[in-house]
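As a plain string of letters, each chain reads:
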Amino acid sequence: MLDVFKVSLPHVAGAPADRGAAQSVLSPQDFAASWNEITKWDGYAPTPLVALDKLAREADVARIAYKHEGPRFGLGSFKALGGSYAAMGVLRRVLSERLDRDVSMEEIRNGDVAEACAEVTLVSATDGNHGRSLAWGCQRFGAPCRIYIHAEVSVGRAEAMRDLGAEVIRIEGDYDASVALAREEAEANGWYVVSDTSWPGYTEPPRDVMAGYGVMTREACEALDQAPTHVFLQGGVGGLAASVAAGLRQFWGKDAPRVVIVEPDLAACLFESARLGKATAVDIEQETIMAGLSCGEPSEMAWDILADEATDFLMIPDSIVAPTVRMLANAQASDAPVEAGESAVAGLAALIAARQDDELSAKLGLNSESRVFLIGSEGVTDPEIFARIMEGHNA
């Protein structure tokens, strides 16, 4: 069953520091604030932590715990925790200034200031899931929403955002070009960017995005009976990985798991950052099947945390993604099927491939006693793509 995973995965060792970024960039107070707010939202429920026991036996590890984010608020991904929460933060800051008083999260959540929210346009670039989260939040809070998508974002993902009331603008370039255009048009029109990527002078919304993701990490930690030995985290701009790494460090302290970052070999900005020892952008020449990870420029704030916490960086080929999606959906990894999107399985695909390579397993410290934690970051966010994968296609 695992022969398809016998591929060579490029690996570079990180150089974890002890600068305290997991406490300072994202503080315990940041995570506590997001928990206290998001758990009050209508429809909140912890997502499942699935034991992939069948696969753990075949891969010869002690445990694989997979946090399945497909059911999250009916939006299909962990991003529901970040974009909407960051939108609340932006609205709170803007309205407090405009109304000359402290506007509370509760007022925004309950619709008490919906009329004022209607005068604040929020914008972002997205590969799909972040934009859907922002659109959902804007619909709930009464704020106009503009979402910029690049040429390769699927029609289904674009329509999902339009169905939530967002104005969707498709551009010819890649994700990084959509980020640039969103910033440019927001500055020109007095709109407000809600991005999961930080840059010099722009840190509050990305911090709120990462703080929102902390709800997912806390749920998982409270469901585990002991600390994992490893966590495999998908890359992108780094926000998910940095948030989870910081949350694990704060929860487990010195027993926090070894952090392994996984990226598509077609979009490996964090791998290159680790290789050079500084946040580094890469050019994307071909889009990966893992649409949510097709990012060429890391978030500087996220990199600050990963430079402290990440021990290993891996690149995976697209060829092992679809087989991993099918493995989960066909209940070959666990007793029950798990329907996951392409970006959700990056960490799992890398783990399986690493266990087919004795040398790489040794470098990563993987053995029969390893307890591995994974973030299944999305469910089926594009049914058409999922159907093609299940029919045996790679995309």
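These numbers come from a predicted model, not from an experiment.

1. With respect to the sheet that holds strand E5 (residues 145-149)
The pairing of strands in a sheet happens through backbone hydrogen bonds and is either parallel or antiparallel.
Part 1 of the argument: As summarised here, the arrangement of the four strands in space is E6-E5-E4-E7, forming an open sheet in which the pairing is parallel. Unpaired on one side and paired on the other, strand E6 (167-170) and strand E7 (192-193) mark the two borders of the sheet.
Part 2 of the argument: Bridge count for E5 against E6 is four bridges, and the pairing is parallel. Considered in E6, the bridge of Arg146 is made with Glu167.
Part 3 of the argument: Contacting strand E4 (122-126), E5 and E6, helix H8 (residues 155-163) crosses the sheet at an angle of about 150 degrees to E6.

2. A word on the side chain of Thr126
Part 1 of the argument: As for its position among the elements, Thr126 is in strand E4.
Part 2 of the argument: Overall, the relative accessible area of 2% leaves Thr126 in the buried class.
Part 3 of the argument: In this structure the side chain of Thr126 is engaged in a polar contact, spanning 3.5 Å, whose partner is the backbone nitrogen of His130.
Part 4 of the argument: Setting aside chain neighbours within four positions, we find Thr126 in contact with Gly131, Ile147, Tyr148, Ile149, His150, Val153, Met161 and Tyr175.

3. Considering the packing of helix H10 (residues 204-223) against helix H11 (residues 239-252)
Any two packed helices are characterised by the angle at which their axes cross and by the distance between the axes.
Part 1 of the argument: Taken N-terminus to C-terminus, the directions of H10 and H11 make an angle of 50 degrees; their axes are 8 Å apart at the nearest point. In terms of axis orientation, H10 runs oblique to H11. As H10 packs across H11, the resulting crossing turns out to be right-handed. Counted together, Met210, Tyr213, Gly214, Met216, Thr217, Cys221 and Glu222 of H10 and Gly239, Leu240, Ala242, Ser243, Val244, Gly247, Leu248, Phe251 and Trp252 of H11 form the full contact between these two elements.

4. Quick look at the sheet that holds strand E8 (residues 230-234)
Part 1 of the argument: Here seven strands make up an open sheet; going across it, the order is E1-E10-E9-E8-E11-E3-E2 and the pairing mixed. Looking at which strands have only one partner, the edges of the open sheet turn out to be strand E1 (11-13) and strand E2 (49-51). Across the sheet, the mean angle separating the axes of adjacent strands is 25 degrees when strand polarity is ignored.
Part 2 of the argument: Inspection of the sheet shows E1 paired to strand E10 (residues 310-316) by three bridges, in the antiparallel sense. Paired with His11 across the two strands is Leu314, which belongs to E10.
Part 3 of the argument: Docked against the sheet, helix H12 (residues 269-276) engages E1, strand E9 (258-264) and E10, running at close to 130 degrees with respect to E10.

Rules used throughout
Residues numbered from 1 in each chain as written. Predicted model: local features only at pLDDT ≥ 70, side-chain atom pairs only at ≥ 80, totals over all residues. Heavy atoms only, no water. Pairing = 2+ DSSP bridges. Helix = DSSP H or I, 4+ residues; strand = E, 2+ residues; numbered from the N terminus. Contact = heavy atoms within 4.5 Å. Axes fitted to C-alpha atoms, helices over the stretch in contact; angles between N-to-C directions. Buried < 20%, exposed > 50% of the residue type's maximum accessible area, 1.4 Å probe, protein only. Polar contact = N/O pair within 3.5 Å; in protein donor to acceptor, adjacent residues only side chain to side chain. Parallel < 35°, antiparallel > 145°, perpendicular 65-115°, else oblique. Left-handed = near helix turned anticlockwise from the far one by under 90°.

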